[in-house]
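Summary of the model geometry
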Amino acid sequence: MSKGVQFYKIHDESLVMTDAAQTLTFGENVPSGRVVESVILHFTQVRAAGGMIDGSFDNVISNYRAILNGEVYTDFRTNVNSATNAGLGRFGYFLQSLGRNATSVEVPSDTNKDYWAEIPMGATIPQGVGRMEFIIGLAAMQASATSGSLEVWLRLNDDTQTRTTAVPATSFTSAVGIQSVVVRVPQNVPGKVAGILFQN
C-alpha cells in the first residue's frame with residue numbers, strides 16, 4: 001500500500017562558503033523499504049555586503065555524487081566553475097538536461113543566497129539498513145559568507161515509476177577536428193540510455 005509522498009530530512013549542517021573551494025563528504029542512514037523519488041539540496045549563504053556570486057548559485061556547485069548502499073545513482077562533475085559568471089552554471093544546465101523531474105529554485109538576492117535543487121533518483125531502498133553517501137564539491141565564492149547552512153531532504157514516493165541514473169563520466173582530451181569518443185555505460189544499470197551530456 002502506498003504511503004503517498006513524504007519529505008524526510010536526512011542531513012542538516014552549518015556551512016560557510018569561502019573564497020576557497022571545499023568538498024563536503026557525509027553519509028546518512030535512510031528509511032528502508034521506501035522509494036527515493038528525488039534528493040533535495042537546500043543551501044543558504046549570507047553576507048551583508050553582498051558580492052558572493054554574480055549569477056545563479058549553481059555556478060559554485062562543481063560536483064555532486066549520490067550513492068545508495070554502495071551504488072552510484074548520480075555523478076556530476078565539472079572543471080568549469082566561476083562565481084563571476086552572470087549566467088546559468090554547469091550544475092543548473094545538468095539539472096535541466098535531466099528533464100522535468102529535476103528542478104532548481106533560487107530566491108534572488110545579492111546578500112542572502114537561498115537555493116533549492118531537486119535531483120531525481122527513483123531508487124528503492126532495500127529492507128534492512130539503507131545508507132546514502134554524498135560528495136559535494138563547492139567552488140570558491142568571490143567573497144566569503146558570514147553564515148550559511150546545507151540541508152538534504154529525500155522525497156519519498158512509493159509510486160515512483162522511473163529510475164534516473166547519471167553514471168560517472170567518460171573523460172577524454174579534445175583536439176581540433178572530428179573525433180570519435182566511446183562512452184562507457186555500466187552493465188549493472190537497468191533501463192535505457194535517455195541521453196548523453198557533453199561538457200567542454
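To start, this report covers the structure provided alongside it. (Residues numbered from 1 in each chain as written. Predicted model: local features only at pLDDT ≥ 70, side-chain atom pairs only at ≥ 80, totals over all residues. Heavy atoms only, no water.)

Moving on, we get to the pattern of salt bridges. For the coordinates displayed, the defined rule picks out 8 salt bridges. Put simply, R65 and D75 hold a salt bridge, and the shortest N to O gap is 2.3 Å. Linking R65 in strand β4 (residues 61-68) with D75 in strand β5 (residues 71-77), this pair joins segments that are 10 residues apart in sequence. Accessibility assignment for this pair places R65 and D75 in one class, buried. R163 is paired through a salt bridge with E71; the nearest N and O atoms lie 2.5 Å apart. Highlighted residues: R163 in the segment after β9 (147-157) and E71 in strand β5, separated in sequence by 92 residues. When its relative accessible area of 27% is taken as the criterion, R163 is described as partly exposed. (Salt bridge = Lys/Arg side-chain N within 4 Å of Asp/Glu carboxyl O. Helix = DSSP H or I, 4+ residues; strand = E, 2+ residues; numbered from the N terminus. Buried < 20%, exposed > 50% of the residue type's maximum accessible area, 1.4 Å probe, protein only.)

Taken as a whole, helix α1 (residues 90-97) has its buried residues at F91, G92, F94 and L95. Projected onto a plane normal to the axis of α1, the buried residues spread over an arc of 155 degrees and lie on a single side. Elements in contact with the buried residues of α1: β4, β5, β6 (103-107) and β7 (112-124). Immediately beyond the C-terminal end of α1, within one or two residues, lies G99, with a positive phi of roughly 105 degrees. (Arc of directions from axis to C-beta. Contact = heavy atoms within 4.5 Å.)

In this section: the nonpolar core. V39, F43, Y64, F91, M132, F134 and I136 are the most contacted members of the largest nonpolar core, which totals 43 residues. Contributions of two or more residues to this core are made by β2 (22-30), β3 (35-46), β4, β5, α1, β7, β8 (130-138) and β9. In terms of residues, this core owes the most to one element, β7, which gives 5 residues. If we skip the residues at most four places from it in the chain, M132 touches F26, G27, E28, V30, V39, A66, I67, L68, M121 and L154. (Core = buried A, V, L, I, M, F, W, Y, C linked by side-chain atoms within 4.5 Å.)

Across the 12 residues of β3, 10 count as buried, placing the element largely inside the fold. Direction of pairing for β3 relative to β7: antiparallel, over a ladder of 11 bridges. Bridge pairing links L41 to A117 in β7. The sheet contact formed by β3 and β9 spans 10 bridges and is antiparallel. Within the sheet, the bridge partner assigned to V46 lies in β9 and is S147. (Pairing = 2+ DSSP bridges.)

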